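These are the residues of each chain, in order.
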Amino acid sequence: MKMQWNLILAMLFALIIAVFAVVNVNAVSVNYLFGKTEWPLILIILGSTAMGGIIVASFGWFRMFKLQRQIKILSKEKEELKKKISALEENELLEQEQS
């Protein structure tokens, strides 16, 4: 259900940005470090939104990969602990049989 709400909010945000961009079609001057150009404001708005999305997505992907690596480490640790527990249980059973 959370994923559906995220999708709905993302689509609503995209619609708002698209309408805002279409309304602002005037040319504006853009100053770079090495020069100055005239661009339509719609391209500036859409480009800025796209760059923001890429930055947010990259942080999300980084966090996801970090969590996946942690899951792998914890899974290995869990398996090792299971092996230790089963070995201890076997030792206890052997000791009980011997006594």
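Conventions we followed
- Residues numbered from 1 in each chain as written.
- Predicted model: local features only at pLDDT ≥ 70, side-chain atom pairs only at ≥ 80, totals over all residues.
- Heavy atoms only, no water.
- Helix = DSSP H or I, 4+ residues; strand = E, 2+ residues; numbered from the N terminus.
- Buried < 20%, exposed > 50% of the residue type's maximum accessible area, 1.4 Å probe, protein only.
- Areas by Shrake-Rupley, 256 points an atom, 1.4 Å probe, with all protein chains shown as cover.
- Lys, Arg positive; Asp, Glu negative; His and termini not counted.
- Charge placed at Lys NZ, Arg CZ, Asp CG, Glu CD.
- Pairing = 2+ DSSP bridges.
- Contact = heavy atoms within 4.5 Å.
- Patch = residues over 30% accessible without salt bridge, like charges linked within 9 Å, V, L, I, M, F, W, Y side chains within 5 Å.
- Salt bridge = Lys/Arg side-chain N within 4 Å of Asp/Glu carboxyl O.

Enquirer: Requested: an account of the overall build of the protein, with residues and values cited.
Expert: If you tally the helices and strands in the protein, you get two helices and two strands. In sequence order, the protein lays out its α and β elements as α-β-β-α. Oriented by its inertia axes, the alpha-carbon framework of the protein measures out at about 90 × 40 × 5 Å. Per-residue burial for the protein yields a buried fraction of 4% across its 99 residues. Carbon and sulfur atoms form 69% of the exposed surface of the protein, whose accessible area is close to 9200 Å². On the protein, the mean spot of the 11 positive side-chain charges and the mean spot of the 9 negative ones are 17 Å from each other.

Enquirer: An account of the pairing of strand β2 (residues 36-40) is requested, with residue identities and associated values reported.
Expert: In the sheet, strand β1 (residues 27-31) pairs with β2 via five bridges, with the strands oriented antiparallel. Residue pairing for β2: Val28 is matched across the bridge by Trp39. Linking two consecutive strands that pair antiparallel, namely β1 and β2, is a turn of four residues.

Enquirer: Residue-level account of the environment of Ile44, with values.
Expert: On the secondary structure map, Ile44 appears in helix α2 (residues 41-98). Along the primary structure Ile44 and Leu12 are separated by 32 residues, whereas in three dimensions their C-alpha atoms are 20 Å apart. With near-sequence residues (within four places) excluded, Ile44 lies in contact with Val28, Val30 and Trp39.

Enquirer: Let's hear about a negative patch on the surface: which residues, and what values?
Expert: Together, Glu89, Glu90, Glu92 and Glu95 make up a negatively charged patch on the protein surface. Within the fold, Glu90 resides in helix α2.

Enquirer: Explain the environment of Gly35 to me, using residue names and the numbers behind them.
Expert: Summarising the element assignment, Gly35 is placed in the loop between β1 and β2. Residue classification places Gly35 among the partly exposed positions, given a relative accessible area of 30%.

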